[in-house]
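Descriptive analysis of the structure
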Amino acid sequence: MIAQMLLKNKEKSTYKEDSVGEKPIRSVAKALSWRVVGTLDTLAVSFVLAKDIKLAASIASVDFITKLVLYFFHERVWNVIKWGK
């Protein structure tokens, strides 16, 4: 049922229509703030498991970048979906 609702509206939105949702800069700010929290968690878990701060920091750094990019695009996709607005 949800999939049908998502697929039903195949119209492309314009930036003007999208602007009633969130601007891209807000998505960036949300992505950054969430990634700081997520990266601290990853750093802590990696350190507990590996007992090596350099390895834990490496893991957390890669995690920060990849998930920041994924979250930004995830937010932008959800911002154009009309379902639930």
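Here's a quick rundown of the structure.

What counts, and at which threshold
Residues numbered from 1 in each chain as written. Predicted model: local features only at pLDDT ≥ 70, side-chain atom pairs only at ≥ 80, totals over all residues. Heavy atoms only, no water. Helix = DSSP H or I, 4+ residues; strand = E, 2+ residues; numbered from the N terminus. Buried < 20%, exposed > 50% of the residue type's maximum accessible area, 1.4 Å probe, protein only. Contact = heavy atoms within 4.5 Å. Expected span 1.5 Å × (residues − 1). Polar contact = N/O pair within 3.5 Å; in protein donor to acceptor, adjacent residues only side chain to side chain. Salt bridge = Lys/Arg side-chain N within 4 Å of Asp/Glu carboxyl O. Phe/Tyr/Trp six-rings, centres within 6.5 Å; stacked < 30°, edge-to-face > 60°. Patch = residues over 30% accessible without salt bridge, like charges linked within 9 Å, V, L, I, M, F, W, Y side chains within 5 Å. Areas by Shrake-Rupley, 256 points an atom, 1.4 Å probe, with all protein chains shown as cover.

**Some details on the overall build of the chain**
Check the secondary structure of the chain and you find four helices and zero strands. The N-to-C order of helical and strand elements in the chain reads α-α-α-α. In the chain, buried positions account for 20% of the 85 residues. Taking contacts inside the chain between residues at least 6 apart in sequence as the whole, the part at least 24 apart equals 68%.

**With respect to helix 4 (residues 53–80)**
Each turn of an α-helix holds 3.6 residues, which means side chains three or four residues apart point in the same direction. Over its 28 residues, helix 4 runs 40 Å from end to end, which matches the ideal 40 Å to within 8%, given 1.5 Å per residue. Those residues of helix 4 lying buried are Ala56, Ala60, Asp63, Leu68, Phe72, Glu75, Arg76 and Asn79. Capping the start of helix 4, aspartate 52 holds a side-chain oxygen 3.1 Å from the backbone nitrogen of lysine 54, two or three residues further along.

**Focus on unusual backbone geometry**
It is generally the case that most residues other than glycine have a negative phi and that most peptide bonds are trans. At lysine 51, a residue that is not glycine, the phi angle is positive and equals roughly 55°. Within the secondary structure, lysine 51 sits in the loop between helix 3 (24–50) and helix 4.

**A closer look at the pattern of salt bridges**
Taken as a whole and judged by the stated rule, the model has three salt bridges. Among the ionic pairs, glutamate 75 bridges to lysine 30, the shortest N-O distance being 3.1 Å. On the criterion of sequence distance, the pair formed by glutamate 75 in helix 4 and lysine 30 in helix 3 is long-range, its members being 45 residues apart. Taking relative accessible area as the criterion, glutamate 75 reaches 14% and is therefore assigned buried. Between lysine 67 and aspartate 63 there is a salt bridge; the shortest N-O distance is 2.9 Å. Of the two residues, lysine 67 and aspartate 63 are both situated in helix 4; the distance of four residues between them amounts to about one turn of the helix.

**Let's talk about the packing of aromatic side chains**
For any two aromatic rings, the description comes down to two numbers: the centre-to-centre distance and the angle of the planes. Counted according to the given criterion, the structure contains two aromatic pairs. Relative to phenylalanine 73, the ring of phenylalanine 72 has its centre 5.2 Å away and its plane inclined at 80°; by these criteria the two rings are edge-to-face.

**Overview of the side chain of threonine 42**
Mapping threonine 42 onto the fold places it in helix 3. Ignoring any residue separated from it by four or fewer positions in sequence, one finds threonine 42 in contact with Arg35, Ile59, Ala60 and Asp63.

**With respect to helix 3**
Taking 1.5 Å of rise per residue, the 27 residues of helix 3 would be expected to cover 39 Å, and the 37 Å separating its terminal C-alpha atoms lies within 8% of that figure. Residues of helix 3 that are buried include every one of Ser27, Ala31, Arg35, Gly38, Thr39, Thr42 and Ser46, and no others.

**Examining a nonpolar patch on the surface**
Together, Ile25, Val28 and Leu32 give the surface a local cluster of nonpolar side chains, amounting to about 250 Å² of exposed area. Examined against the element boundaries, leucine 32 turns out to sit in helix 3.

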